[in-house]
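# Topology and contacts: notes
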Amino acid sequence: MAATPEALDQAQTAATAADDKLATDIVAIDVSEHLALTDVFVIASAPSERQVNAIVDGVEKAMRDSGVKVLRREGEREGHWVLLDFGDIVVHVMQAEDRVFYQLERLWKDCPAVPLTGLGAPQERAGEGAGGGVEANEA
């Protein structure tokens with residue numbers, strides 16, 4: 001079963017909000033075939049704890065404005081990797097070094113990328129070299 005249209009819309013909303021707060025390497029992955037708890041992971045990078053927190057606040061506000069409330073927010077105190085669980089989607093905002101270390105995209109490499117539109121310059125998936133990444137704006 002593929003991600004629901006609602007989850008895809010929510011992923012786009014979260015990705016756009018993250019992009020508005022200058023997140024980098026924004027990708028969305030359809031994990032619905034492998035997880036019963038959520039449909040889409042949105043993953044974004046930031047260079048610092050302060051930027052992680054700004055992105056998280058921006059995503060949460062955009063989602064709330066669209067009628068979706070966060071169910072769980074974890075990791076905020078450390079500011080290296082914050083997880084926002086909205087039910088249909090889970091947003092991971094990570095400092096760049098943590099993202100390379102944990103390689104979430106590699107763990108979920110068998111899952112299809114979700115196309116995202118209207119973001120800044122296309123970014124490669126963190127931890128993958130040129131030619132091997134899936135671009136955020138790829139259709």
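Structure: above.
What comes next concerns the included structure. (Residues numbered from 1 in each chain as written. Predicted model: local features only at pLDDT ≥ 70, side-chain atom pairs only at ≥ 80, totals over all residues. Heavy atoms only, no water.)

On to the nonpolar core. With 29 residues, the main nonpolar core has Ile26, Val40, Val42, Val59, Phe86, Ile89 and Val91 as its most contacted residues. Elements supplying a minimum of two residues to this core: α1 (5-20), β1 (24-30), β2 (40-46), α2 (49-65), β4 (81-85) and β5 (89-95). A per-element tally of this core places α1 first, with six residues. If near-sequence neighbours (up to four positions away) are discounted, Val40 is found in contact with Ala3, Ala7, Leu8, Ala11, Ala28, Ile29, Val31, Asp88, Ile89, Val90 and Val114. The next biggest cluster of nonpolar side chains, apart from the first, holds 11 residues, and it includes Val31, Phe41, Ile43 and Trp108. (Core = buried A, V, L, I, M, F, W, Y, C linked by side-chain atoms within 4.5 Å. Buried < 20%, exposed > 50% of the residue type's maximum accessible area, 1.4 Å probe, protein only. Helix = DSSP H or I, 4+ residues; strand = E, 2+ residues; numbered from the N terminus. Contact = heavy atoms within 4.5 Å.)

Right, let's get into the sheet that holds β1. Pairing within the open sheet is mixed, and its five strands lie in the order β1-β2-β5-β4-β3. The sheet terminates laterally at β1 and β3 (72-74), the two strands that pair on one side only. Across the sheet, the mean angle from the axis of one strand to that of its neighbour is 10°, orientation sign disregarded. As judged from the five bridges shared by β4 and β5, these two strands associate in the antiparallel manner. Bridge pairing in β5 links Asp85 to Val90. Of the strands in this sheet, β1, β2 and β5 are in contact with α1, which crosses β2 at around 5°. Packed on one face of the sheet, α2 meets β2, β3, β4 and β5 and runs near 160° to β5. (Pairing = 2+ DSSP bridges. Axes fitted to C-alpha atoms, helices over the stretch in contact; angles between N-to-C directions.)

In this model α1 runs 23 Å from its N-terminal to its C-terminal C-alpha over 16 residues, within 8% of the 22 Å that 1.5 Å per residue would give. Listing the buried residues of α1 in full gives Ala7, Gln10, Ala11, Gln12, Ala14, Ala15, Ala17, Ala18 and Asp19. Against the buried residues of α1 lie β1, β2, α2 and β5. Positive backbone phi, at 70°, marks Leu22, one or two positions downstream of α1. (Expected span 1.5 Å × (residues − 1).)

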